[in-house]
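# Report on the structure
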Amino acid sequence: MNDELKYLSQQVARQRLDRRSFLGRAGALGLSAVGASTLLSSAVMAQGAIKGGTLKVAVEGGSSTDSLDPALVTNSTGTMVNRLWGEPLVELDADGGLEMRLASEVEASHDAVTWTFKIRDGVTFSNGKALTAEDVLATLERHAGEESKSGALGILSGIKSMRTEGNAFIVELTGPNADLPFLLSDYHLMIQPNGGKDDPSAMIGTGPYTIESAELGVRFVAEKNPNYWNPDLGHASTIEVTVINDDTARVAALQSGQVHMCTRVPPKVASLVGRMPGVEIHSVPSAGHYVFIMHCNTAPFDNNDLRLALKHAINREEMVDKILFGNGSIGNDMPVNSSYPLYTEAEQRTYDPDKAAFHFKASGHDGSILLRTSDNSFPGAPDASQLFQQSAKAAGISLDIKREPSDGYWSEVWNKQPFSTSYWSGRATQDAMYSTAYLSSADWNDTRFFNPQFDQLLVAARGELDVAKRTQMYADMGTLVRDEGGLIAPMFNNFIDATSDKVAGWGPSKGFGLMNFYAPMKMWVTG
Amino acid sequence: MGLALTLIAQRISLGILMLFAVSALIFVGTQILPGDVAESILGQSATPENLANLRKELGLNEPALTRYFNWLGGIMVGDLGTALTSGASISEAITSRLGNTLFLAAVAAMISVPIAILLGLFAVRYKDRWPDKLISASTLASISLPEFFIGYLLILVFGVKLGWFPTVATVYDGMSFGDRLNAVMLPALTLTLVVLAHMMRMTRAAILNVMQSAYIETAELKGLSSFKIIWKHALPNAISPVINVVMLNMAYLIVGVVVVEVIFVYPGMGQYLVDHVSKRDVPVVQACGLIFAAIYIGLNLVADIISVLSNPRLRHPK
């Protein structure tokens with residue numbers, strides 16, 4: 001690297017030169033704007049985190065009807081606020097592995113039925129109480145109990161009993177599950193004093209921040225928790241979270257410098273936003289997917305030839321181009337992709353009108369097929385349905401599109417009607433994804449996929465500790481869903497977030513967008 | 001004066017009856033909507049088990065009529081109850097939200113009403129000449145544009161390009177009055193542009209109506225300046241329809257600004273109501289509906305009373 005450039009970028013990192021002058025001088029030295037930006041951010045990273053300042057975040061998804069009880073959080077705002085004041089036992093790390101948080105060690109019995117979590121020493125809640133294994137037990141009891149309304153109730157159903165032994169928290173499962181710690185990284189499972197049984201909405205936890213002001217659906221202000229144990233998390237002294245649900249307003253707030261970062265830039269404008277001065281776009285591949293779901297037990301979708309006909313009649317590349325504007329990747333009719341550990345590529349299904357026509361004929365179905373859609377099933381769903389209609393027409397399959405109201409879509413259409421558009425935001429592991437929606441007995445088996453062989457494999461894989469064998473089992477399960485299931489998964493969407501050049505420290509992550517919602521705590525204000 | 005008092009008493013009792021009818025209508029409306037509050041809260045993460053638990057806790061298993069009368073009983077003693085979704089006290093939430101809504105409406109009215117009336121007077125003074133045409137054309141253009149578009153335009157020009165005002169109008173406790181005023185400037189200007197034309201046109205039409213009268217001709221023959229004629233002789237006699245339209249727009253500024261609230265992230269009543277409608281949170285929808293209806297009826301009442309008082313024939317009946 002040119003020495004002068006290197007010197008200049010370090011000057012910026014030490015705040016002796018402003019960014020604009022740096023870009024100007026770098027340009028004069030013959031470096032492109034993109035190159036200069038990259039150089040600058042690596043210099044700023046090398047300088048290390050700057051403590052202090054106020055970091056402002058604009059999030060989408062909050063509403064005045066939200067609850068402060070972590071068990072009842074359903075949207076991105078609530079998830080981010082949970083992460084500010086609370087902590088789970090373990091969290092996903094940047095590569096999709098596990099990072100120890102309130103558990104300092106995790107150990108499984110050789111059959112993966114009994115799990116022991118050693119609770120971190122010397123951690124206190126923001127009310128001054130010391131963290132104990134009893135608090136962890138009480139928290140899990142509250143979420144998994146019979147009276148529970150928790151969003152995590154479903155994933156905790158495999159627990160037989162829980163107990164504490166000294167500073168260890170021990171879980172007995174009804175059957176083996178090698179992925180149990182991943183399930184406990186769920187964003188509802190924030191450890192609260194006495195499990196939050198006394199006051200679930202008090203927002204008292206062990207997290208890096210304490211919530212000073214909470215106006216649901218409007219604004220949250222968090223101050224750094226001076227007693228927080230982990231020096232890598234929480235650089236700014238104050239974090240302000242503003243809920244901005246309108247896409248244009250959210251981007252404008254970033255552009256006018258009122259916030260430092262925002263979630264969910266619409267794919268349509270992502271490239272335009274990226275060209276604004278002082279704004280950087282982060283388009284990060286995710287496990288989230290936009291799908292068309294067919295009920296395998298309802299005519300005409302109870303015929304596998306018809307399902308295959310529709311799977312061959314969709315143009316995946318076109319969807320990624322026109323619906324995601326390139327911010328995503330094509331799917332292969334299974335709910336998992338390369339962002340999962342233990343994933344193996346299967347042969348890619350492609351748009352093939354001839355094959356589609358062949359299977360359609362073999363199915364013996366006559367007449368058109370009704371597809372229900374709505375804009376809140378995924379952004380651009382009605383447009384995607386029309387693209388599907390066009391590509392299927394080339395194969396001689398006629399689709400009728402019924403546009404349903406957004407309001408009530410999840411209660412009236414999804415998981416009720418036999419053919420509709422939907423989305424999944426993905427899970428931490430393949431086991432979690434398949435157990436949530438593809439196991440015969442799953443509550444959200446939204447494709448009505450009842451396959452004994454698949455169920456058997458899924459349960460067997462949970463107890464299989466040999467990684468190679470387990471990987472093969474997941475590959476087989478993927479193939480079963482892909483060739484016999486009711487899922488048409490044309491695309492996996494990226495998370496598209498934007499940050500301003502007043503903050504630094506962006507890094508890779510798994511899970512949700514905005515660095516799994518840790519960006520406000522992992523990034524810092526540069527000045 | 002007696003006639004006016006009877007009239008006012010009549011209006012108030014009719015208004016209260018109307019409120020009962022409104023509350024029943026809102027309740028029926030929320031029952032017709034598909035899905036219930038438990039399904040809406042849990043959304044895609046609903047399972048039969050947690051749905052049942054939530055329904056039981058929220059008391060949704062009771063018949064609809066029982067729930068309605070329980071609520072009505074509460075209202076009678078001034079208890080708005082708690083929101084089903086968040087469990088928060090409705091009256092507390094509404095107090096701050098309503099305060100914000102009234103503040104924004106007041107700022108918008110403070111800017112728009114004087115401008116609208118002055119522009120109306122100007123338009124009359126220069127009737128059919130270029131100032132009249134310019135005023136009419138520009139205000140009609142601004143009323144024809146959708147609110148969100150005006151909002152985005154103002155954000156682009158004054159927020160992003162010029163950087164004069166914040167694009168996010170979030171107000172919160174502990175903000176100084178000046179900060180608050182600065183924060184609501186863009187939404188208030190948006191609303192001003194939306195309501196200006198209606199009031200301006202009505203002022204112009206009402207004054208032009210009385211400009212045909214004989215006493216205006218007399219005033220002209222006395223040699224008064226045309227502004228003095230309009231201001232002193234025409235406006236007082238045209239005030240009743242003007243007040244009516246001003247009140248109508250005030251009501252709109254309070255109850256109809258949800259789009260502006262969303263664009264500028266303003267924590268007012270509209271956004272609060274819409275959030276709860278989409279979650280089928282009936283007690284909140286009822287409370288908001290009732291307050292909106294009361295404001296609407298109240299402002300109309302004020303308009304009526306002012307009309308009565310400004311009309312000598314009603315003020316001094318034979």
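Bear in mind that the values here come from a model prediction, so they are computed numbers and not experimental data. (Residues numbered from 1 in each chain as written. Chains lettered and ligands numbered in written order. Predicted model: local features only at pLDDT ≥ 70, side-chain atom pairs only at ≥ 80, totals over all residues. Heavy atoms only, no water.)

## Overview of the overall build of chain B
Worth spelling out the cut-off: Strands are runs of DSSP state E lasting at least two residues, helices are runs of H or I lasting at least four, and both sets are numbered from the N terminus onward. Relative accessibility decides the category of a residue: with a 1.4 Å probe and only protein chains considered, values under 20% of the type maximum give buried, values over 50% give exposed, and everything between is partly exposed. Should any heavy atoms of two residues lie within 4.5 Å, those residues are considered in contact.
A tally of helices and strands in chain B yields 14 helices and zero strands. Shown N-terminal to C-terminal, the secondary structure of chain B runs as helices and strands in the order α-α-α-α-α-α-α-α-α-α-α-α-α-α. Projected onto its principal axes, the C-alpha coordinates of chain B cover approximately 85 × 60 × 35 Å. When burial is assessed residue by residue, chain B has 46% of its 318 residues classed as buried. Pairs at least 24 residues apart make up 74% of the contacts formed inside chain B by residues separated by at least 6 positions.

## With respect to the sheet that holds strand E7 (residues 168-173) of chain A
All names here are of chain A. Convention followed: Between any two strands, at least two bridges found by DSSP are needed for them to pair. Comment: axis = line fitted to C-alpha atoms, over the contacting stretch for helices; angle = value between 0 and 180 degrees taken between N-to-C directions.
The sheet built from four strands is open, its strands ordered E4-E5-E7-E6 with antiparallel pairing. If you trace the sheet from one side to the other, it starts and ends with strand E4 (103-108) and strand E6 (159-165), each paired once. Averaged over all neighbouring strand pairs, the angle between strand axes comes to 20°, with direction disregarded. Here E6 runs beside E7; their pairing, made up of six bridges, is antiparallel. Note that in E7 the partner of Ser161 across the bridge is Glu172. Lying over the sheet, helix H5 (residues 133-144) contacts strand E5 (114-119), E6 and E7, oriented at roughly 160° with respect to E6.

## What to know about the packing of helix H4 (residues 64-76) of chain B against helix H13 (residues 282-310) of chain B
Residue and element names in this part refer to chain B. Where we set the bar: Should an angle fall under 35 degrees it is called roughly parallel, over 145 degrees roughly antiparallel, and 65 to 115 degrees roughly perpendicular, with every other angle called oblique. Each helix crossing is assigned a hand: it is left-handed if the near helix lies turned anticlockwise from the far helix by less than a right angle, otherwise right-handed if that turn is clockwise. Each residue is assigned to one of three groups, with Ala, Val, Leu, Ile, Met, Phe, Trp, Tyr, Cys and Pro labelled nonpolar, Asp, Glu, Lys and Arg labelled charged, and all others, Gly among them, labelled polar.
Contact geometry for H4 and H13: axes closest at 11 Å, N-to-C directions at 50°. When the axes of H4 and H13 are compared, the pair comes out oblique. Where H4 crosses over H13, the two elements pack in a sense that is right-handed. Between H4 and H13, the residues in contact are Tyr68, Trp71 and Ile75 and Pro283, Gln286, Ala287 and Leu290, respectively. Split into classes, the residues belonging to the contact of H4 with H13 amount to six nonpolar, one polar and no charged.

## Examining unusual backbone geometry
Residues and elements named next belong to chain A. A cis amide bond, omega 0°, links Ala299 with the succeeding residue Pro300. Within the secondary structure, Pro300 is located in the loop between strand E12 (279-294) and helix H9 (304-312). Of note, Arg264 is a non-glycine position whose phi angle comes to about 50°, a positive value. Residue Asn415 is not a glycine yet carries a positive backbone phi of 65°.

## A look at a nonpolar patch on the surface
Residue and element names in this part refer to chain B. Basically, it comes down to this: Each patch is built from residues that are more than 30% exposed by relative accessible area and take part in no salt bridge. Like charges join if they lie within 9 Å; nonpolar side chains (Val, Leu, Ile, Met, Phe, Trp, Tyr) join within 5 Å. For the area figures, the Shrake-Rupley method with a 1.4 Å probe applies, and any residue is considered shielded solely by the protein chains shown. The term salt bridge refers to a side-chain nitrogen of Lys or Arg lying within 4 Å of a carboxyl oxygen of Asp or Glu.
A contiguous nonpolar patch, built from Ile12, Ile16, Phe20, Met76 and Val77 and spanning about 490 Å² of accessible area, is present on the exposed surface. Broken down by element, the residue count for the nonpolar patch peaks at three residues, all from helix H1 (residues 2-32). By the secondary structure assignment, Met76 is in helix H4. Residue classification places Met76 among the exposed positions, given a relative accessible area of 53%.

## Regarding the environment of Pro193 of chain A
Residues and elements named next belong to chain A. Mapped onto the secondary structure, Pro193 falls in the loop between helix H6 (180-183) and strand E8 (209-215). On the basis of relative accessibility, which here comes to 15%, the residue Pro193 falls in the buried class. Linking Pro193 and Ala130, residues 63 residues apart in sequence, is a C-alpha distance of 8.6 Å. Those residues in contact with Pro193 that lie beyond four places of it in its chain are Phe125, Asn127, Lys129, Asp135 and Ile204.

## Description of the domain arrangement of chain A
All names here are of chain A. Selection rule: The source of the domain bounds is an automatic or database domain assignment. Summed over both partners, the accessible area lost on bringing two parts together, with a 1.4 Å probe, is the buried area.
Once the domains are mapped, chain A shows domain 1 (2-47), domain 2 (54-62 + 207-284 + 495-525), domain 3 (87-195) and domain 4 (289-493). Centre-to-centre, using C-alpha coordinates, domain 2 lies 32 Å away from domain 4. Across the boundary between the two partners, domain 2 contributes seven residues, which contact six residues of domain 4. Overall, the association of domain 2 and domain 4 removes approximately 620 Å² of surface from exposure, summing both partners, and the carbon and sulfur fraction of that is 55%. For the pair domain 2 and domain 4, the interface holds zero salt bridges.

## Let's talk about helix H3 (residues 48-58) of chain B
Residues and elements named next belong to chain B. Stated precisely, the cut-off is as follows: This arc is built from the directions going out from the helix axis to the C-beta atoms.
If you check which residues of H3 are buried, you get Asn50, Leu51, Asn53, Leu54 and Leu58. The arc that holds the buried residues of H3, viewed along the axis, is 165°, so those residues lie on one side. Counted as exposed and oriented over 90 degrees from the buried face of H3: Pro48 and Lys56. Two residues or fewer after H3 comes Gly59, characterised by a positive phi angle close to 70°.

## Observations concerning the packing of aromatic side chains
Residues and elements named next belong to chain A. Defined as follows: Only Phe, Tyr and Trp rings are paired, with Trp represented by its six-membered ring, and only when their centres lie within 6.5 Å; those with planes under 30 degrees apart are stacked, over 60 edge-to-face, the remainder tilted.
Enumeration according to the criterion identifies 22 aromatic pairs over all chains in this entry. Centre to centre, the rings of Trp414 and Trp424 are 6.3 Å apart; their planes meet at 70°, and the pair counts as edge-to-face. You can see Trp414 sitting in the loop between helix H13 (409-412) and strand E16 (419-424) and its partner Trp424 sitting in strand E16, a full 10 residues away along the chain. Considered together, Trp414 and Trp424 belong to a single accessibility category, that of buried residues. Relative to Phe454, the ring of Phe449 lies with its centre 5.3 Å away and its plane at 70°, an arrangement referred to as edge-to-face. Neither residue differs from the other here; Phe449 and Phe454 are each classed as buried. Among the aromatic side chains, those forming a connected cluster through ring pairs are Tyr290, Phe292, Phe378 and Phe388.

## Structural notes on the UniProt feature "transmembrane region" (unreviewed entry) in chain B
Residue and element names in this part refer to chain B. So the rule is basically this: UniProt positions are given in the numbering used here, feature names are shortened, and annotations may be inferred rather than shown by experiment.
Mapped onto the present numbering, the UniProt feature "transmembrane region" (unreviewed entry) falls on residues 12-33, 102-122, 134-160, 180-199, 242-264 and 284-309. In residues 12-33, the share of helix is 95% and the share of strand is 0%. The end C-alpha atoms are 32 Å apart. The straight-line gap between the two end C-alpha atoms of residues 242-264 is 30 Å; of that span, 91% is helix and 0% is strand.

## Observations concerning the side chain of Ser63 of chain A
Keep this limit in mind: Polar contacts, as counted here, are pairs of nitrogen or oxygen atoms within 3.5 Å of one another; within protein the pair requires one atom able to donate a hydrogen and one able to accept it, and residues that are adjacent in sequence qualify only if both atoms are side-chain atoms.
Inspection of the secondary structure puts Ser63 of chain A in the loop between strand E1 (54-59) and helix H4 (76-85). Engagement of the side chain of Ser63 of chain A in a polar contact is seen with the side chain of Asp275 of chain B, the distance being 3.4 Å. Apart from residues no more than four positions distant in its own chain, Ser63 of chain A is found in contact with Asn75, Leu216 and Gly217 of chain A together with Asp275 of chain B.

## Re the confidence of the model for chain B
Residue and element names in this part refer to chain B. To keep things clear, this is the line we draw: One confidence number per residue, pLDDT, is output by the predictor and ranges from 0 to 100.
With 96% of its residues at a pLDDT of 70 or more, chain B shows a mean pLDDT of 85. No element of chain B has a lower mean pLDDT than helix H14 (residues 312-315), at 70, and none a higher one than helix H5 (residues 90-125), at 92. Both scores are available for the predicted complex, with the pTM at 0.84 and the ipTM at 0.80.

## Focus: the interface of chain B and chain A
Chain B puts 42 residues into the contact, and the matching count from chain A is 39 residues. Between chain B and chain A lies a buried interface of about 3300 Å² when both sides are counted; carbon and sulfur atoms form 54% of it. The tally of links between chain B and chain A comes to zero salt bridges. At seven residues, the largest contribution of residues to the side of chain B that touches chain A is made by H3 of chain B. The residue makeup of the side of chain B that touches chain A, split by class, is 19 nonpolar, 15 polar and eight charged.

## Notes on the packing of H5 of chain B against helix H6 (residues 130-144) of chain B
Residue and element names in this part refer to chain B. At a minimum axis distance of 8 Å, the contact between H5 and H6 shows a crossing angle of 140°. With respect to their mutual orientation, H5 and H6 come out oblique. Along its contact with H5, which presents Leu119, Phe122 and Ala123, the element H6 presents Asp132, Ile135 and Thr139. Grouping the constituent residues of the contact of H5 with H6 by class yields four nonpolar, one polar and one charged.

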